Amino acid sequence: MELYSNYQGKRIQWDDHPQVIREAFETYLMDEMACKIRENNSFFLVNRTNKSPNTVNRFLSALKSFYKSLIQLKQYKYSNPLVNSQSILEEYTNQTTGARKGKLRMPTVAGTEDPIPHRRLTDSYFKLVNEEWRPEIIDDPHLPYRIYQAGKKVNWSLREVVIARMLFETGARASEVIKLTIGDYRTRKSFQEVNTFNKGSHGRRVKFLRFSKDTVKLLFRYINNERIILDSFNRNFEALPDNEPIFLTDSGTPHNYNAWYYHWNKAMNKCEIKLNPHKSRHWFVTTRVNEIYNTSKTKAEIEQRKSELIKYVRWSNSSTIEIYEHHFDEQKHRESHDRMLEHMKKNEKEYVEQNKRKRKGKSFLPSLETTKEFKIDDKIQEFLDGLE
């Protein structure tokens, strides 16, 4: 803010007046976060666009908490610039004023006034109005291999390679892979599968992940070569107890998200790729839905395979898949529309050629030379001969 923001020709400081701070944040939301800002009485409505990051709400919450802390520490002498007390006061007034002039609103049970739709009061100066989460469609078929190559350039260890491959091949969240145990692998009948937890399952193993045979080979190479060096007892896969983590940090402790993300982020920065690791999950689902629609022969088969996918990824809301389906419906429309446009272009070309021939005085009736080649029925020929 101090480096890039100006207000009335002066650099903005973090401890400036709330109005000055708001000007800086408004500019940042529009220029850096590609948001649409609309003034509404005493506050601003913030609309995300397709170029806005998914973290706008967290950004605004963090700013609000930052100034709240400064005020409590008595380091900011004004009111919180991210809070609009007038807004919540107006909201309260609207919900307490009754239909009778100068009278308070009657209770709902009285049935004399229309009920007010429930709406959570907010005192935020910047109100995010389109924060409904939607899954992201990522259909770049080469994305995993771009990430693997990025890892090579920063010398990823076998541990990082295995985790990255599992993310793209299973559609799991990063933590669901990083915190796998030896027992999670042993309890599955298939050597290509592991059990893992799900968001909200509180560590209970409620789903499984499936990955390729090549990843299995790399996993065992990691456990019996790289990991064995980090293990305090130098145990291979057979000697490890079920409760031991599969992945260890370089210091021999259970691997964690922050330690892993350092290596992921290093590779992304090296190759100038902007990719949150969670997007590997979106890529997986997009790819699977595409495969379902391209290979299924009947509508019943499509529905069956969709149901299997929903169970596999453990969505709490099965309607999430409709977003991905909508993407492929649009893609089919694009393909069909392109064919129509090509046909229109062809017809236009034919029409232009016909007009050119008309302007040159050419007839569209067959020429005499062409007529001689026609095979005429004998009876018709006899009739024509009689007309001569």
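Computed from a predicted model, the values in this text were never measured in an experiment.

Student: Can you help me understand the overall build of the protein in this one?
Tutor: Check the secondary structure of the protein and you find 14 helices and seven strands. For the protein, contacts bridging at least 24 residues in sequence account for 55% of all contacts bridging at least 6. For the protein, the exposed surface amounts to about 26200 Å²; the carbon and sulfur share of it is 51%.

Student: Mind showing me how you'd approach the sheet that holds strand β3 (residues 36-40) here?
Tutor: Strand pairs in the sheet, formed through backbone hydrogen bonds, run parallel or antiparallel to each other. One open sheet accounts for three strands, arranged β3-β4-β5; its pairing is mixed. Only two strands of the sheet have a single partner each, and these edge strands are β3 and β5 (126-128). Within this sheet the neighbouring strands show an average axis-to-axis angle of 30°, counted without direction. Across five bridges, the pairing between β3 and strand β4 (residues 43-47) is antiparallel.

Student: I keep staring at the packing of helix α5 (residues 158-170) against helix α10 (residues 279-295) and nothing clicks. Help me out?
Tutor: Where α5 meets α10, the closest approach of the two axes is 7 Å, and the angle between their N-to-C directions is 40°. Of the possible angle classes, the one that applies to α5 and α10 is oblique. Each of Leu-167, Phe-168, Glu-169 and Thr-170 in α5 lies in contact with α10, whose residues at this interface are Ser-280, Trp-283 and Phe-284. Its residues assigned to classes, the contact of α5 with α10 shows four nonpolar, two polar and one charged.

Student: What is the right way to read the packing of aromatic side chains from this model?
Tutor: Aromatic rings considered in pairs are described by the distance between their centres and by the relative angle of their planes. Per the counting criterion, the structure on display carries 19 aromatic pairs. Taking the centre distance of 5.5 Å and the plane angle of 40° together, the rings of Trp-260 and Trp-264 count as tilted. Of the two residues, Trp-260 and Trp-264 are both situated in helix α9 (residues 257-270); the distance of four residues between them amounts to about one turn of the helix. Taking relative accessible area as the criterion, Trp-260 reaches 1% and is therefore assigned buried. The cationic tip of Lys-127 hangs over the ring face of Phe-43; the distance from NZ or CZ to the ring centre is 4.6 Å.

Student: How should the nonpolar core be read in this particular structure?
Tutor: Most often, soluble globular proteins have nonpolar side chains that are buried together. Core analysis: the largest hydrophobic core is formed by 48 residues, its most contacted members being Ile-147, Val-177, Leu-219, Phe-247 and Trp-264. Those elements giving two or more residues to this core turn out to be α4 (143-153), α5, α6 (174-178), α7 (182-186), α8 (213-230), α9, α10 and α11 (299-313). Residue contributions to this core peak at seven residues, all from α5. Those residues within four positions of Ile-147 in sequence are excluded, and the remaining contacts are Trp-156, Phe-168, Trp-264, Met-268, Ile-273 and Leu-275. Core analysis: the second largest hydrophobic core is formed by 20 residues, Val-20, Phe-25, Ile-37 and Val-56 among them.

What counts and how
Residues numbered from 1 in each chain as written. Predicted model: local features only at pLDDT ≥ 70, side-chain atom pairs only at ≥ 80, totals over all residues. Heavy atoms only, no water. Helix = DSSP H or I, 4+ residues; strand = E, 2+ residues; numbered from the N terminus. Contact = heavy atoms within 4.5 Å. Areas by Shrake-Rupley, 256 points an atom, 1.4 Å probe, with all protein chains shown as cover. Pairing = 2+ DSSP bridges. Axes fitted to C-alpha atoms, helices over the stretch in contact; angles between N-to-C directions. Parallel < 35°, antiparallel > 145°, perpendicular 65-115°, else oblique. Nonpolar A, V, L, I, M, F, W, Y, C, P; charged D, E, K, R; others polar. Phe/Tyr/Trp six-rings, centres within 6.5 Å; stacked < 30°, edge-to-face > 60°. Buried < 20%, exposed > 50% of the residue type's maximum accessible area, 1.4 Å probe, protein only. Lys NZ or Arg CZ within 6 Å of the ring centre and 35° of its normal. Core = buried A, V, L, I, M, F, W, Y, C linked by side-chain atoms within 4.5 Å.

Geometry only, nothing functional implied.
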